[in-house]
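Here is how the chains run, residue by residue.
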Amino acid sequence: MNSDLLARITSHPEICHSKPYIRGMRWPVEVIIDLLGSGMSVDEIIEDHPELEKEDIFASLQFAKLVLSGNSLLDLAS
């Protein structure tokens, strides 16, 4: 697991309804995954939203994989 990528994911109880988001920019991971699921490529997402970086997209995918595996960021830290 790439911890550098996962460091891009932030969560705060008072921001984005406590959902994980990208680098404090209030871009929920859920929205990134939804864009990919709609058929957009990484390059198309970056073109439409230049404030995002490719690593943000990859971090979102890593985070989704982590959640689906039944683990959490806390599990990785221990």
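As a reminder, the structure under discussion sits directly above these lines.
Residues numbered from 1 in each chain as written. Predicted model: local features only at pLDDT ≥ 70, side-chain atom pairs only at ≥ 80, totals over all residues. Heavy atoms only, no water.

This part takes up the overall build of the protein. Check the secondary structure of the protein and you find five helices and three strands. Going through the 78 residues of the protein one by one, you find that 29% of them count as buried. A fraction of 45% describes how many contacts in the protein between residues 6 or more apart in sequence connect residues 24 or more apart. Carbon and sulfur atoms make up 53% of the accessible area of the protein, which totals about 5000 Å². (Helix = DSSP H or I, 4+ residues; strand = E, 2+ residues; numbered from the N terminus. Buried < 20%, exposed > 50% of the residue type's maximum accessible area, 1.4 Å probe, protein only. Contact = heavy atoms within 4.5 Å. Areas by Shrake-Rupley, 256 points an atom, 1.4 Å probe, with all protein chains shown as cover.)

For the rest of this paragraph, the subject is the sheet that holds strand β2 (residues 21–22). Consider a sheet: its strands pair through backbone hydrogen bonds, and that pairing is either parallel or antiparallel. A sheet is described by the order of its strands in space; here three strands give the open sequence β1-β2-β3, paired in antiparallel fashion. The open sheet terminates on both sides in strands that have one partner only, identified here as β1 (9–10) and β3 (27–28). In this sheet, β3 lies alongside β2 in antiparallel orientation, the contact comprising two bridges. Along β3, the bridge assignment pairs Tyr21 with Pro28. (Pairing = 2+ DSSP bridges.)

Moving on, we get to the pattern of salt bridges. Inspection of every chain in the model, using the stated rule, returns five salt bridges. Among the salt bridges present, the one from Lys19 reaches Glu30, with a minimum N-O distance of 2.8 Å. Here Lys19, found in the loop between β1 and β2, pairs with Glu30, found in helix α2 (residues 29–37); they are eleven residues apart in sequence, far enough to count as distant. Note on Lys19: relative accessible area 36%, which makes it partly exposed. Measuring nitrogen to oxygen at the nearest pair gives 2.8 Å for the salt bridge that ties Arg23 to Asp56. Note that Arg23 is positioned in the loop between β2 and β3 and Asp56 in helix α4 (residues 54–68), a separation of 33 residues in sequence. Residue Arg23 is classed as partly exposed on the basis of its relative accessible area, which comes to 32%. (Salt bridge = Lys/Arg side-chain N within 4 Å of Asp/Glu carboxyl O.)

Read these as layout, nothing more, since geometry by itself doesn't imply function.
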